[in-house]
Amino acid sequence: MNKQEILSILRGERGASPNMGIEEDDLLANAFFDLSDVEKEAFWPELSDAMKSLVADREGMPFYLAARFIYGMGEIKPPRLPRKKSLFNFLLDAMAEKDQPAQLAGTLLTLLVLKMGKPEFWGRQIAASLDSLEATQDANYAMAAVVYAFLGYNRCTTISATDWSRLFSVLSRLPSLPRMEMLELLVGVEKEAKRPGELEEELDVGLGTLRTSIRNNEESTRIDQSLAPVFKTWLEKNEPRQAIAAWLSKELRPGGAERRGLSPRRFIERIGAERTNQAVA
């Protein structure tokens with residue numbers, strides 16, 4: 001299978017039927033499994049070249065479908081991912097602009113599946129994906145990019161309170177909270193967190209920082225009400241570890257966000273935020 005044949009499938013020229021649950025990445029997977037072992041090895045350089053063309057032509061949706069195909073190849077048992085990850089090194093440099101959320105999401109999903117990128121790279125992608133979500137208000141691809149960025153960075157180190165605060169802040173300005181994607185982010189980060197106690201502390205400080213920065217009680221209440229179903233589902237259906245489960249229980253207790261005791265670090269940061277608000281006023 002050559003580059004042009006791959007592009008033809010990804011661009012929807014080969015009879016995809018989304019209404020029947022058959023999309024372009026499914027067709028590409030079917031074509032891939034029909035190849036011989038030798039042809040499968042030759043397929044990956046052709047896919048890499050096809051994705052380079054889609055990046056150059058700013059074809060976000062076909063590019064994201066290519067990433068979904070790669071994700072699917074990583075999910076089957078045994079995985080069928082390329083042996084030469086260097087074929088996709090170009091994705092570490094060819095980052096999408098914030099007005100191209102589908103391309104950004106596809107880039108980060110591919111790199112996440114292939115376990116590529118250093119901590120500094122993934123830290124930059126948290127900022128880039130949140131910029132994209134804020135600019136486009138796109139709760140589909142831009143939010144997906146945010147999920148992949150947080151999961152990628154979490155593999156490297158604990159996500160900071162600053163990043164959590166920015167996430168909650170951007171989400172608070174969306175018309176509605178993308179709950180399923182937010183749950184996927186939170187559960188995925190917690191499952192792979194090496195130090196759940198640190199994760200609990202950073203989450204607590206991040207959400208607390210947002211709350212203290214909002215002077216409008218109605219807006220703060222709206223954010224808490226939006227997050228509550230996500231936190232409830234996380235606690236009841238995804239079995240978080242003890243430190244996170246205890247934090248979620250506090251968050252879900254009536255008035256718990258206001259009444260719970262502050263850690264020394266969070267107390268200091270709250271005082272700082274209040275002083276900043278007073279100076280601005």
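Residues numbered from 1 in each chain as written. Predicted model: local features only at pLDDT ≥ 70, side-chain atom pairs only at ≥ 80, totals over all residues. Heavy atoms only, no water.

Bringing the overall build of the protein into the picture now. Counting secondary structure elements, the protein contains 14 helices and 0 strands. Seen in sequence order, the protein has helices and strands lined up from the N terminus as α-α-α-α-α-α-α-α-α-α-α-α-α-α. The buried share of the protein, taken over its 281 residues, is 49%. Here the contacts in the protein between residues at least 6 apart in sequence split such that 70% fall between residues at least 24 apart. (Helix = DSSP H or I, 4+ residues; strand = E, 2+ residues; numbered from the N terminus. Buried < 20%, exposed > 50% of the residue type's maximum accessible area, 1.4 Å probe, protein only. Contact = heavy atoms within 4.5 Å.)

Within the structure shown, the criterion is met by 12 aromatic pairs. A centroid spacing of 5.9 Å and a plane angle of 70 degrees characterise the contact between F32 and F69, whose relative ring orientation is edge-to-face. With F32 in helix 2 (residues 24-33) and F69 in helix 4 (residues 60-75), the pair connects residues that are 37 residues apart, well separated along the chain. In this pair, the class of F32 matches that of F69, namely buried. Here the aromatic rings of F231 and W247 are separated by 5.4 Å at their centres, their planes lie at 65 degrees, and the arrangement is edge-to-face. Remark: W247 occurs in helix 12 (residues 242-252) and F231 occurs in helix 11 (residues 217-237); sequence separation between them is 16 residues. Residue F231 shares its accessibility class with W247, and that shared class is buried. Members of the aromatic cluster, connected to one another through ring pairs, are F32, F33, F43, W44 and F69. The residue whose ring lies beneath K40 is F32, and the NZ or CZ to ring-centre distance is 5.6 Å. (Phe/Tyr/Trp six-rings, centres within 6.5 Å; stacked < 30°, edge-to-face > 60°. Lys NZ or Arg CZ within 6 Å of the ring centre and 35° of its normal.)

This part is about the side chain of S48. As for its position among the elements, S48 is in helix 3 (residues 37-56). Residue classification places S48 among the buried positions, given a relative accessible area of 1%. Here L87 takes part through its backbone oxygen, which lies 2.7 Å from a polar atom of the side chain of S48. Once you skip the residues sitting within four places of it in the chain, S48 turns out to touch L87, F88 and F90. (Polar contact = N/O pair within 3.5 Å; in protein donor to acceptor, adjacent residues only side chain to side chain.)

In this section: the nonpolar core. Among the nonpolar cores identified, the biggest contains 84 residues, and W44, L47, F69, F88, F150 and W164 are the most heavily contacted of them. Examining the composition of this core, we find that 11 residues originate from one element, helix 7 (residues 141-154), more than from any other. Excluding anything up to four places from it in sequence, F69 contacts D25, L28, A29, F32, F43, W44 and L47. (Core = buried A, V, L, I, M, F, W, Y, C linked by side-chain atoms within 4.5 Å.)

This part takes up the packing of helix 8 (residues 161-172) against helix 10 (residues 196-213). Closest axis-to-axis distance for the helix 8/helix 10 pair is 7 Å, and the angle between their directions is 45 degrees. In terms of axis orientation, helix 8 runs oblique to helix 10. Classified by chirality, the crossing of helix 10 by helix 8 is right-handed. The segment helix 8 lies against helix 10, with A161, W164, S165, F168 and S169 engaging L199, E202, L203, V205, G206, L207, T209 and L210. (Axes fitted to C-alpha atoms, helices over the stretch in contact; angles between N-to-C directions. Parallel < 35°, antiparallel > 145°, perpendicular 65-115°, else oblique. Left-handed = near helix turned anticlockwise from the far one by under 90°.)

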